[in-house]
Amino acid sequence: MRTLIRNATVVLPDAVEHVNILLDGPRIASVDAPDSSRADAVVDASGLHLLPGLIDDQVHFREPGLTHKEDLHHATRACAKGGVTSFLEMPNTKPTTTSLRALDEKLALAASHCHVNYGFYIGATPDNLDVLQTATRTPGIKIFIGSSTGDLLVDSQQALERIFAETTLPICAHCEDETTVKANAARLNGGHQVADHSLIRDHKAAIIATRRAVDLAERHKHRFHVLHVSTADEVEFLRGTSDLITAEACPHHLFFNISDYVRLGTLIQMNPSIKTAADNDAVWRGLLDGTLEVVATDHAPHTLEEKRQPYPKSPSGLPAVENYLALLLNEVNQGRCTISQVASWTSAAPARIWNLKSKGQIREGFDADLVLVDLNKSEIILNEHQLTKCGWSPWHGETLTGWPVRTWVMGQTVFAEGKVIDEVRGTEILFDRLK
Ligand code: DOR
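The present account deals with the structure reproduced in this document. (Residues numbered from 1 in each chain as written. Predicted model: local features only at pLDDT ≥ 70, side-chain atom pairs only at ≥ 80, totals over all residues. Heavy atoms only, no water.)

1. Looking at the nonpolar core
Membership of the largest hydrophobic core comes to 78 residues, with the highest contact counts inside it found for Phe87, Ile143, Phe224, Val226, Leu238 and Leu292. Ranked by the residues each element gives to this core, the list is headed by helix α7 (residues 203-220), at six residues. For Phe87, the residues in contact, after removing those within four places along its chain, are Asp56, Val59, Phe61, Leu72, Thr76, Cys114, Val116, Asn117, Tyr118, Gly119, Phe120 and Ile429. In terms of nonpolar packing, the next biggest core, distinct from the first, is built from 23 residues, Ile200, Phe256, Met270 and Leu327 among them. (Core = buried A, V, L, I, M, F, W, Y, C linked by side-chain atoms within 4.5 Å. Buried < 20%, exposed > 50% of the residue type's maximum accessible area, 1.4 Å probe, protein only. Helix = DSSP H or I, 4+ residues; strand = E, 2+ residues; numbered from the N terminus. Contact = heavy atoms within 4.5 Å.)

2. Focus: the sheet that holds strand β8 (residues 117-120)
Read across the open sheet, the three strands follow the order β6-β7-β8; overall the sheet is parallel. Because the sheet does not close on itself, it has two edges, and the strands there are β6 (54-59) and β8. Across the sheet, the mean angle from the axis of one strand to that of its neighbour is 20°, orientation sign disregarded. Two elements, strand β7 (residues 84-89) and β8, share four bridges in a ladder whose sense is parallel. By the bridge assignment for β8, Leu88 is matched with Gly119. (Pairing = 2+ DSSP bridges. Axes fitted to C-alpha atoms, helices over the stretch in contact; angles between N-to-C directions.)

3. Regarding the sheet that holds strand β11 (residues 171-175)
The sheet built from six strands is open, its strands ordered β9-β10-β11-β12-β13-β14 with parallel pairing. Looking at which strands have only one partner, the edges of the open sheet turn out to be β9 (122-123) and β14 (294-295). Here strand β10 (residues 141-145) runs beside β11; their pairing, made up of five bridges, is parallel. Residue pairing in the sheet places Lys142 in a bridge with Cys172 of β11.

4. Some words on the site of the ligand
Around the ligand, the structure places 14 residues, and the nearest of them are Arg62, Asn92, Ser148, Thr149 and Asn271. The contact in question runs from a nitrogen atom of the ligand to an N or O atom on the backbone of Asn271, over 2.8 Å. A distance of 3.1 Å separates an oxygen atom of the ligand from a polar side-chain atom of His302. Alone, the ligand offers 290 Å² of accessible surface; in the complex the protein occludes 100% of this. (Near = heavy atom within 4 Å. Polar contact = N/O pair within 3.5 Å; in protein donor to acceptor, adjacent residues only side chain to side chain. Areas by Shrake-Rupley, 256 points an atom, 1.4 Å probe, with all protein chains shown as cover.)

5. Looking at the packing of helix α4 (residues 157-166) against α7
With their axes 9 Å apart at the nearest point, α4 and α7 run at an angle of 45° to one another. Compared by their axis directions, α4 and α7 come out oblique. Read as a crossing pair, α4 and α7 show a hand that is right-handed. Contact residues: α4 offers Gln157, Leu160, Glu161, Phe164 and Ala165, while α7 offers Arg212, Ala213, Leu216, Ala217, Arg219 and His220. (Parallel < 35°, antiparallel > 145°, perpendicular 65-115°, else oblique. Left-handed = near helix turned anticlockwise from the far one by under 90°.)

6. Here we look at the pattern of salt bridges
Where charged atoms from two side chains of opposite charge approach closely, those side chains can pair. This model, assessed by the stated rule, comprises 26 salt bridges. Put simply, Glu161 and Arg219 hold a salt bridge, and the shortest N to O gap is 2.9 Å. You can see Glu161 sitting in helix α4 and its partner Arg219 sitting in helix α7, a full 58 residues away along the chain. With relative accessibility at 21%, the residue Glu161 sits in the partly exposed group. Taking relative accessible area as the criterion, Arg219 reaches 42% and is therefore assigned partly exposed. With a closest N to O distance of 2.4 Å, Glu293 and Arg352 form a salt bridge. Remark: Arg352 occurs in helix α14 (residues 339-353) and Glu293 occurs in the loop between α11 (277-288) and β14; sequence separation between them is 59 residues. In the salt-bridge network here, residues are joined through shared partners; they are Arg27, Lys359, Asp367 and Asp369. (Salt bridge = Lys/Arg side-chain N within 4 Å of Asp/Glu carboxyl O.)

7. What to know about the pairing of β7
Both faces of the sheet carry side chains from a regular strand, because those side chains alternate between them. Across the six residues of β7, six count as buried, placing the element largely inside the fold. As paired elements, β6 and β7 share four bridges and run parallel to each other. By the bridge assignment, Ile55 is partnered in β7 with Ser86. A crossover connection joins β6 to the parallel β7 through helix α1 (residues 72-82); in handedness this β-α-β unit is right-handed. Following the backbone out of β7, through helix α2 (residues 100-113) and into the adjacent parallel β8, one traces a crossover that is right-handed. (Right-handed = clockwise from strand over helix to strand, strands pointing away.)

8. Some words on the side chain of Ser198
Looking at the element boundaries, Ser198 is found in helix α6 (residues 195-200). There is a polar contact of 2.8 Å between the side chain of Ser198 and the side chain of Tyr261. Those residues within four positions of Ser198 in sequence are excluded, and the remaining contacts are Ile258, Tyr261, Ser273 and Ile274.

9. Some remarks on the side chain of Thr407
With respect to the helices and strands, Thr407 occurs in strand β16 (residues 399-409). Sequence-distant contacts of Thr407, defined by excluding residues within four places in its chain, comprise Ala80, Gly83, Thr85, Leu370, Val371, Gln412, Thr413, Val414 and Phe415.

10. Details of helix α13 (residues 324-333)
Of all ten residues in α13, nine are buried, a share of seventy percent or more. Taken as a whole, α13 has its buried residues at Tyr324, Leu325, Ala326, Leu327, Leu328, Leu329, Asn330, Glu331 and Val332. Following α13 by one or two positions, Gly335 adopts a phi angle in the positive range, close to 85°.

11. Concerning the pairing of strand β13 (residues 245-249)
Judged by how many residues are buried, β13 sits mostly within the fold: five of five residues are covered. A two-sided burial pattern is seen for β13, the buried positions comprising Ile245, Ala247 and Ala249 on one face and Thr246 and Glu248 on the other. Here strand β12 (residues 224-226) pairs with β13 via three bridges, running parallel. The partner of His225 across the bridge, within β13, is Thr246. After leaving β12, the chain enters helix α8 (residues 232-238) and then returns to the sheet as β13, a path that is right-handed. Note that β13 and β14 share two bridges and pair parallel. Bridge pairing links Ala249 to Val295 in β14.

Everything listed here is a matter of coordinates, which is why it stays silent on function.
As structure tokens, this is what we get:
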């Protein structure tokens, strides 16, 4: 199947140009194809922008074991609609992805259920070093340095030293200091209202754990990626770290702060917690000056019934894959960032950081994972329109301008004219270990 995408404004690695793109099977055959190119299908992209498909390197898709909240089928339909063509998923499913067998089982499930491309982190425990040393079909190791949803936690310094010293896969971590969180929780009697969540999982908890993890990575000369940076202190600290260290921001830490608890309550209860408006600004500045290189969602669905329990019974997490590109394109329209920056944060950078083979750029020979967006399209986000299985969004009622209108996964259209094409399957993401 050859597809000619005609007359698009294309976000290339070093420029935004008006060109024709030719797809041949699963690859990009040309980024400057003549109008007369032989093709089985022609898509007129006049007035639209073509971006590399998004690579969301931090999601929780809940399968196996927690499929009343989300599953691979629903989550990847939401991805297709949102322009996300590849995801890397976290290990806090049931069972946890902490053995080679659990990893293989997840990959097998994904092959039959996923409508976009898939990859899964291997989770660290205090005693699965051998697994972390032998896993290959994975982007890297996830460590919860600070507990969150589920019971994955590595807090012992000795265990952490060994993981950083004796493994070679890149590592990423959830950084919130367990001792600080526990002490804060004790002081507040466990917390009584959702605003307490940001006092329990406070600024100090975030910076202490981020410093600790970066210290481990720098001493052991290990590639390390800081997930969901939520504070100005962390951004400031990360400005001075070495090239071994990369870091990312999430939409909820860009768009929500503690003043939103009044309106949204436990819907925006997250780990790390949302912080202040000043922290929102600092995280944005970190992105704009290159200190933070990635925007990923931390898509972590729970049912509305679960979320509406009184704090602290309510679980932390919110869904986002479906709307995150639109949230960022809306900012492009407001002049806060450029479309090239969005492509870098959501595709080129995660592809480079996790060594994804042939992904993250619109380049000849690269995988035909693409999203066509209409920067002028305005649409309201409504719970009843969400494709995620949990069926709600913390952005319910917000109108955004700039939306995906067509998504290709490995050369196949998986979303067009407002519909997901359910027959399409993604492929296992491959990693270029030589980089
Ligand atoms: O708020 C969160 N929810 N943060 C995490 O790190 C995990 C996630 C979940 O899996 O629910």
